[in-house]
Amino acid sequence: MSGARVGVVTFPGTLDDQDAARAVRLAGAEPVPLWHADHDLKGVDAVFLPGGFSYGDYLRCGAISRFAPLMDELIPAARSGLPVLGTCNGFQILCEAHLLPGALTRNASLHYVCRDQGIRVVNNRTAWTRDFEQGQDIVLPVKHGEGRYVASDETLAELESTGRVVFRYLGGNPNGSLNDIAGITNETGTIVGLMPHPEHAVEELVGAPSTDGRAFFTSILKKLVNA
Amino acid sequence: MARVIVDVMLKPEILDPQGQAIARALPRLGFEGVGAVRQGKRFEIELDGPADEAALADVRKMAETLLANTVIEDYAVHVEG
Amino acid sequence: MARVIVDVMLKPEILDPQGQAIARALPRLGFEGVGAVRQGKRFEIELDGPADEAALADVRKMAETLLANTVIEDYAVHVEG
Amino acid sequence: MTTDNVKRAGETPDEAMPYAELGMKLDEYDKVKDILGRRPTSSELAIYSVMWSEHCSYKSSKVHLKQFATKAPASEALLVGMGENAGVVDIGDGWAATFKIESHNHPSYVEPHQGAATGVGGIVRDIMSMGARPIAVMDALRFGAADAKDTRRVLPGVVEGISHYGNCLGLPNIGGEVVFDPCYIGNPLVNALCVGLLRKDQIKLATAPGPGNKVVLFGASTGPDGIGGASVLASATFEDGSEAKRPAVQVGDPFMEKLLIECCLELYAADVVVGIQDLGAAGVSCATTELAAKGTGGMDVTLDLVPLRDPNLRPEEILMSESQERMMAVVRPSDIPAFMAICQKWDVPATVIGEVTDTGRLVMTWRGEVIVDIPPGTAADDGPVYQRPFHEPAGQQALNADTPDSLERPADLKQALLQLLGSPNVASKEWVTSQYDRYVRSNTVLAQPADAGVLRISEHMEGAVETKRGIALATDGNGRYTRLDPYTGAQLALAEAFRNVATTGAKPLAVTNCLNFGSPEDPEVMWQFAEATRGLADACRALGVPVTGGNVSFYNQTGSQAIHPTPVVGVLGVIDDVSKRIRSGFVAEGLKVLLLGETKEEFGGSEWAHVAHGHLGGLPPEADLEAEKQLAEVLVEAGRRGLVEGSHDLSDGGLAVALAEACLAQGVGATVTLGGDPFVDLFSESASRVLVAIRPEAFEELAALCGDHEVPCYGLGTTGGDALVVEGVLEIPVTELRQTHESTLPALFG
Ligand SMILES: Nc1ncnc2c1ncn2[C@@H]1O[C@H](COP(=O)(O)OP(=O)(O)O)[C@@H](O)[C@H]1O
Ligand SMILES: [Mg+2]
């Protein structure tokens, strides 16, 4: 599986980039740091947009990052099929950049929430979820203040009818997301955005009490190797 | 030098938990007679030049692309005063 | 039924990191000629009755005690329209 | 408006200066005149007034704090001791940890969110300035009664402020405390701790050597924040009901601070920093005087060059401003281009504002005029030192005589346990901790509700070797114990933090502390302070752990009513192989439950007396430091040998609460049998005790180990089932324990 190169993007205020790189490395791929201010994707095979508070989450989460020079390269590349995973702030950026529909808004509780969250995998056909079983129940940490997924009725209906909802919260919705949505994908299943954090659930010793996050990374590696 | 205001509010169909929390708190604080509250954002933008049509068009574009997320928010631009 | 607006802005001497972050981003997005941006809150309050003096006095009190943190924020109340 | 300058000061020796408004006493003002041989300019007065404030100069506490150094135990681990921005401890394999706890009490009362947020920001900058990467934070909090109206204003704001700032910085929050007591109603305590990691050979110090080197101010611009100021505010008592002198609130920008962290680390890696100092209380005054005093002795500063947020600021205000997210570095001229390039990469504004000299003078100009010309050490180091009078409080003996012996004991111990478990101080703090990111950086091995936070050491740094090590941190403090007996109370605070660290299998190494007290001008408060520092210093010696730094917060007082004396003690420990850390509570079924340590009948200041009777009297539990030390040695060695599966220390609420919490950790019940009076066995708060859960086959070896250390070891029962059963006494389903434990804070705070 070696040789696969997964870009990990750092914006000012990105927090989980080292964690994401470590998770990529543990899965056997090479993490490639990508800097927001460069117009350069460094020829990577896939991109991970990690969590954090890019630009302090000022204005709206992801609103300013969307305009970073790197995004000028990433947006067209993603549209032409480059696999992209956005977690938390990365998901917010993907929505702000219109690579995924809808938006992430203030948690209904009005509190930031960090907890180990039950999640059901409802689409295992995306580039990032092939190593899950369809309908598999997993545990990943969530940690965000603005993770309530909203979209227009038409968009929601379309997401649901085309199987583009990838993850749903189980055992209590942490943020009031519509239809318990925790993550979604684009039409072709190459771009996935979710609020939970797979990169914090890849090692026994640290992070959440699960290693369910590993399958994201093994999924993309298999896809890249088989491609 | 002029000041232009951009008001950004969640679209009516989008849940506004902050507004709701305030509306719920009001009776407890002894305020009656409020039907609903919605909370949005207000931006005060200081222009280096006058708030002429060209400048306002610029601010509208700023609102459309950056200050508001038109998937969930509406905006209004006006000159202060 | 009337709608009253409460605008809440950070006092001028208080740091507004959000406004600053926006102001810094604007030139990168090709918007020139903006000196400063400040971000505040806008509340839309639907009254069950008319916006008469008594109601406005109530809203002012609401702004003072709940909507604004007067240690760091100023507020302004006006009737929409 | 003319600017007061040095020339003018010489010509107008009798001009009245507002020293009293700035919180300075007449004799202090006279001392400034003595030093300068003339009256100070208004800018010089600004510098001396903030530098000589209680908050910055430690003028009332210095004589007592000295004991931490004079009584300090020999420690090979100590790399940098007290007196720097934070202490540094050798944790092995070439790594060092730096940690410190600091208060932001007064600002958090005035504006809870910003006050607490900037408290986190300030302590993180202290850690950065040692050359370290900050890797985690903790927060020790005290509020008024949980159901008091003002607590509903203060607590959510404080938690949100800590949450917002810490989360935004990407620092996991790995522990802390939330304690309620009516004595804190007008004086909540917000103590924030930060720990950082660095290579042993990369320690940075606050010093400005080398004439010709440049002085760079970088980070946020300077505004009117905290002028008046937080340091002055922290050095005065809140008057009852008065809204009087509230300074401009400091507002934090965690995004800028995150950029500063990354920027500083890159500056250190590029080796372009000679000396560095964070800007906290007293802002530019503090940074310039301290850097200059510790360096070659002089500095020239052009104050006009300080980037301002508000162009109307006067020089005095610039000197006193406590604007957040600023740092000052001393840089070789040839390194300036590289320094600036790194700042630019991180979007961090940086400006050269002066130069190091060897004149022995700190000279500042403003609009071409000399407005400051002082020997910097006189402001930084030679502040007034007070030998404040103290005596035992008038009611102390009566308080100690009012023992809990006569309190009615409960007939129904099940109800007694549930009442305690649901009381605000014992109840689950998840409402608070779930607002904190505990996972970021992916090195968190243990966080709440574990006894101590544990981190894996993992940082990609030049020249760093992989290590299996980890560190553990805990903070503790019990104001009621300290109120009853400040000497013992302070020792118990250290003992508990020490024990919490050892409970995870880590060896305690070093101590930080935040001493929260009332007004030092009150001899009774001063007695509490003197006793507490003496107790803590003695205990540090007995336990073999040096104090590496800390903070004193006086004037936690409304009118004449002081808070309980509240020393909060943080202990840092190291674990050689972090994969062997002991997990928290009953981690599996079928384990043998043991109680290590001796239970005596000790109810003075106990949670039970507080909750069931609202009683505070008698004496706190005995602090047997030798027993504490032996217990820790058993735990560390047992952890190393893999003898213990799960553990939990006994503290507030005694064995009863510890058993309940151990069951709640993983939802595993237990059945135990008691030996003596069930009420005493369950609710007494004797120190030096820990619950452990072991595989039955490990018993012999653990018992022998306990024997070697003379640590009493009692078999209580086994884990398993879905209830906590104390044979013949009580039986409570784990679900009921959970319901009781977890519903209190949400019901109070929404
Ligand atoms: N303000 C806080 N911030 C972070 N963690 C906290 C806070 N308050 C309590 N905790 C955590 O909750 C758990 C229970 O706290 P506590 O009962 O005070 O522990 P102990 O009695 O062992 O000192 C601990 O893991 C503690 O670190
Ligand atoms: Mg404990």
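Worth saying up front: this structure is predicted, and the values here are computed from it rather than measured.

K.L.:
Would you mind going over the packing of aromatic side chains with me for this structure?
P.N.:
All names here are of chain D. By the definition in use, this model includes 19 aromatic pairs over all chains. Ring geometry for tyrosine 19 against tyrosine 29: centres 4.6 Å apart, planes inclined by 10°, an arrangement best described as stacked. Residue tyrosine 19 is found in the loop between α1 (6-11) and α2 (26-36), and its partner tyrosine 29 is found in helix α2; the two are separated by 10 residues along the sequence. With centroids separated by 6.3 Å and ring planes inclined at 15°, the aromatic side chains of phenylalanine 180 and phenylalanine 749 adopt a geometry described as stacked. Pair noted here: phenylalanine 180 is in strand β5 (residues 173-180) and phenylalanine 749 is in helix α26 (residues 734-749), with a separation of 569 residues, a long-range link. Cluster of aromatic residues (ring-pair linked, three or more members): Phe143, Phe180, Trp431 and Phe749. Above the plane of the ring of tryptophan 52 lies lysine 31, whose end atom (NZ or CZ) is 5.2 Å from the centre. In this arrangement the basic side chain of arginine 153 is found over the ring face of tyrosine 109, its NZ or CZ atom lying 5.1 Å from the centre.

K.L.:
Help me understand the packing of helix α7 (residues 112-128) of chain D against helix α10 (residues 254-269) of chain D, please; the structure alone is not making it clear to me.
P.N.:
Two quantities define a packed helix pair, namely the angle between the axes and the distance from one axis to the other. Residues and elements named next belong to chain D. As a packed pair, α7 and α10 sit with axes 11 Å apart at the nearest point and diverge in direction by 5°. With respect to α10, the axis of α7 lies roughly parallel. In this structure, α7 contributes Gly121, Val124, Arg125 and Met128 to the contact, and α10 contributes Glu257, Leu260, Ile261, Cys264 and Tyr268. Looking at the contact of α7 with α10 residue by residue, the classes come out as 6 nonpolar, 1 polar and 2 charged.

K.L.:
What is the right way to read the arrangement of the chains from this model?
P.N.:
By contact count, the leading pair among the 5 pairs of chains in contact is chains B and C. A gap remains between chain B and chain D, with no contact made and the closest C-alpha atoms lying 11 Å from each other.

K.L.:
Mind showing me how you'd approach the interface of chain B and chain C here?
P.N.:
You'll often see interface size given as the accessible area lost when the parts meet. With 30 residues of chain B at the interface, the matching set in chain C holds 29 residues. In total, about 2500 Å² of surface goes out of reach between chain B and chain C, with carbon and sulfur atoms giving 64% of it. Interface area lost by chain B to chain C is led by Phe31(B), Arg42(B) and Glu44(B), which between them contribute 23%. On inspection of chain B and its partner chain C, the count reaches 2 salt bridges. A salt bridge links Arg42(B) to Asp7(C); its shortest N-O distance comes to 2.9 Å.

K.L.:
Whenever I open this one, the relation of the copies chain B and chain C confuses me. Can you help?
P.N.:
In this structure, two copies of a chain are linked by a rotation about an axis accompanied by a shift along it. Superposing chain B onto chain C takes a rotation of 180° combined with a translation of 0.0 Å along the rotation axis, leaving an RMSD of 0.2 Å. Read as a symmetry element, the transformation amounts to a two-fold axis. If distances are taken from each C-alpha of chain B to the rotation axis, the shortest is found for Lys41(B), at 2.2 Å. When the interface residues of chain B are mapped onto chain C, 97% of them again lie at the interface, so the same face is used by both copies.

K.L.:
When you look at a negative patch on the surface in this model, what are you seeing that I'm missing?
P.N.:
On the surface, Asp153(A), Glu154(A), Glu13(B) and Asp74(B) cluster together into a negatively charged patch. Along the chain, the position of Glu154(A) falls in helix α4 (residues 153-161).

K.L.:
Quick question: what am I supposed to make of the pattern of salt bridges here?
P.N.:
Pairs can form between side chains of opposite charge whenever their charged atoms are close. All names here are of chain D. In total, this model carries 64 salt bridges over all chains according to the counting rule given. Arginine 534 serves as the salt-bridge partner of glutamate 531, at 3.1 Å between the closest nitrogen and oxygen. Here glutamate 531 and its partner arginine 534 are both found in helix α20 (residues 523-543), 3 residues apart, which amounts to about one turn of the helix. A relative accessible area of 34% places arginine 534 in the partly exposed class. A network of salt bridges, in which partner residues are shared, links Asp93, Arg469, Asp576, Glu637, Arg640, Arg641 and Glu701.

K.L.:
When you look at the nonpolar core in this model, what are you seeing that I'm missing?
P.N.:
The tendency in soluble globular proteins is for nonpolar side chains to be buried side by side. Among the nonpolar cores identified, the biggest contains 88 residues, and Phe43(B), Ile45(B), Val124(D), Leu141(D), Phe218(D), Leu267(D) and Phe339(D) are the most heavily contacted of them. Here this core spans two domains, since at least three of its residues come from each of domain 1 (1-61 + 205-374) and domain 2 (582-750) of chain D. Excluding residues within four positions of it along the chain, Leu141(D) makes contact with Val158(D), Val159(D), Ile162(D), Glu177(D), Val178(D), Val179(D), Leu189(D), Val190(D) and Tyr436(D). The next biggest cluster of nonpolar side chains, apart from the first, holds 74 residues, and it includes Val6(A), Leu15(A), Ala151(A) and Tyr169(A).

K.L.:
Hey, could you run me through helix α2 (residues 53-67) of chain C in this one?
P.N.:
Side chains three or four residues apart in an α-helix point the same way, a direct result of the helix having 3.6 residues per turn. When α2(C) is considered as a whole, its buried residues turn out to be Ala55(C), Leu56(C), Val59(C), Met62(C), Ala63(C) and Leu67(C). Looking straight down α2(C), one finds its buried side chains confined to an arc of 110°; they lie on one side. What points out from α2(C), more than 90 degrees from its buried face, is the exposed set Glu53(C), Ala54(C), Lys61(C) and Thr65(C). Of the surrounding elements, those touching the buried residues of α2(C) are α1 (17-28) and β2 (34-47) of chain B together with β1 (2-10), β2 (34-47) and β3 (73-79) of chain C.

K.L.:
Can you help me understand the interface of chain D and chain C in this one?
P.N.:
Of the residues lining the interface, 11 residues belong to chain D; the matching set on chain C comes to 9 residues. For the chain D and chain C pair, buried surface summed over both sides reaches about 970 Å², with 64% attributable to carbon and sulfur atoms. When the area that chain D buries against chain C is broken down by residue, the three leading residues are Val251(D), Asp253(D) and Arg309(D), summing to 41%. Run the count over chain D and chain C and you get 0 salt bridges. Across the chain D-chain C interface, the total number found is 2 residue pairs in polar contact (both at pLDDT 80 or more).

K.L.:
How should the coordination of the magnesium ion (ligand 2) be read in this particular structure?
P.N.:
The reference angle at a metal is 109.5 degrees if four donors form a tetrahedron and 90 or 180 degrees if six donors form an octahedron. Residue and element names in this part refer to chain D. Taken together, Asp451 (OD), Asn500 (OD1) and Asp649 (OD) make up the protein donors of the magnesium ion (ligand 2), found 2.1 to 2.3 Å from the metal. Here the donor residues of the magnesium ion (ligand 2) share one chain and are spaced in sequence as D-x48-N-x148-D. With aspartate 451 in the loop between β14 (444-446) and β15 (453-456) and asparagine 500 in helix α19 (residues 486-503), this residue pair connects regions lying 49 residues apart in the sequence. Assessed through its relative accessible area of 13%, aspartate 451 is described here as buried.

K.L.:
Is there a simple way to explain the site of ligand 1 in this structure?
P.N.:
Residues and elements named next belong to chain D. Taken together, 19 residues surround ligand 1, and among them Asp139, Gly175, Gly176, Ala450 and Asp476 come closest. At 3.0 Å, a backbone N or O of glycine 176 approaches an oxygen atom of ligand 1. At 2.5 Å from an oxygen atom of ligand 1 is found a main-chain nitrogen or oxygen belonging to alanine 450. With the chains in place, 88% of the 550 Å² that ligand 1 exposes on its own is no longer accessible. Elements with a minimum of two residues in the shell around ligand 1: β4 (133-143), β5 and α19. Here the element with the most residues in the shell around ligand 1 is β5; it accounts for 5 residues. When the residues that make up the shell around ligand 1 are grouped by side-chain class, the tally is 5 nonpolar, 7 polar and 7 charged.

K.L.:
Even after reading the chapter, I still don't get the sheet that holds strand β3 (residues 46-49) of chain A, so can you show me in this structure?
P.N.:
Hydrogen bonds along the backbone pair up the strands of a sheet, which may run parallel or antiparallel. Residue and element names in this part refer to chain A. Pairing is mixed across the open sheet formed by 9 strands, whose spatial order is β2-β1-β3-β4-β11-β10-β9-β6-β7. In this open sheet, the two strands that pair with only one neighbour each are β2 (30-35) and β7 (137-144). Pairs of neighbouring strands in the sheet enclose a mean axial angle of 25°, with direction left out of account. The pairing of strand β4 (residues 84-87) with strand β11 (residues 191-194) spans 4 bridges and is parallel.

Reading the values: the criteria
- Residues numbered from 1 in each chain as written.
- Chains lettered and ligands numbered in written order.
- Predicted model: local features only at pLDDT ≥ 70, side-chain atom pairs only at ≥ 80, totals over all residues.
- Heavy atoms only, no water.
- Phe/Tyr/Trp six-rings, centres within 6.5 Å; stacked < 30°, edge-to-face > 60°.
- Helix = DSSP H or I, 4+ residues; strand = E, 2+ residues; numbered from the N terminus.
- Lys NZ or Arg CZ within 6 Å of the ring centre and 35° of its normal.
- Axes fitted to C-alpha atoms, helices over the stretch in contact; angles between N-to-C directions.
- Parallel < 35°, antiparallel > 145°, perpendicular 65-115°, else oblique.
- Contact = heavy atoms within 4.5 Å.
- Nonpolar A, V, L, I, M, F, W, Y, C, P; charged D, E, K, R; others polar.
- Buried area = accessible area lost by both parts, 1.4 Å probe.
- Salt bridge = Lys/Arg side-chain N within 4 Å of Asp/Glu carboxyl O.
- Least-squares fit on C-alpha atoms with pLDDT ≥ 70 in both.
- Patch = residues over 30% accessible without salt bridge, like charges linked within 9 Å, V, L, I, M, F, W, Y side chains within 5 Å.
- Areas by Shrake-Rupley, 256 points an atom, 1.4 Å probe, with all protein chains shown as cover.
- Lys, Arg positive; Asp, Glu negative; His and termini not counted.
- Charge placed at Lys NZ, Arg CZ, Asp CG, Glu CD.
- Buried < 20%, exposed > 50% of the residue type's maximum accessible area, 1.4 Å probe, protein only.
- Core = buried A, V, L, I, M, F, W, Y, C linked by side-chain atoms within 4.5 Å.
- Domains from an automatic or database assignment.
- Arc of directions from axis to C-beta.
- Polar contact = N/O pair within 3.5 Å; in protein donor to acceptor, adjacent residues only side chain to side chain.
- Donors = N, O, S within 2.8 Å, 3.2 Å for Na, K, Ca; no water.
- Near = heavy atom within 4 Å.
- Pairing = 2+ DSSP bridges.

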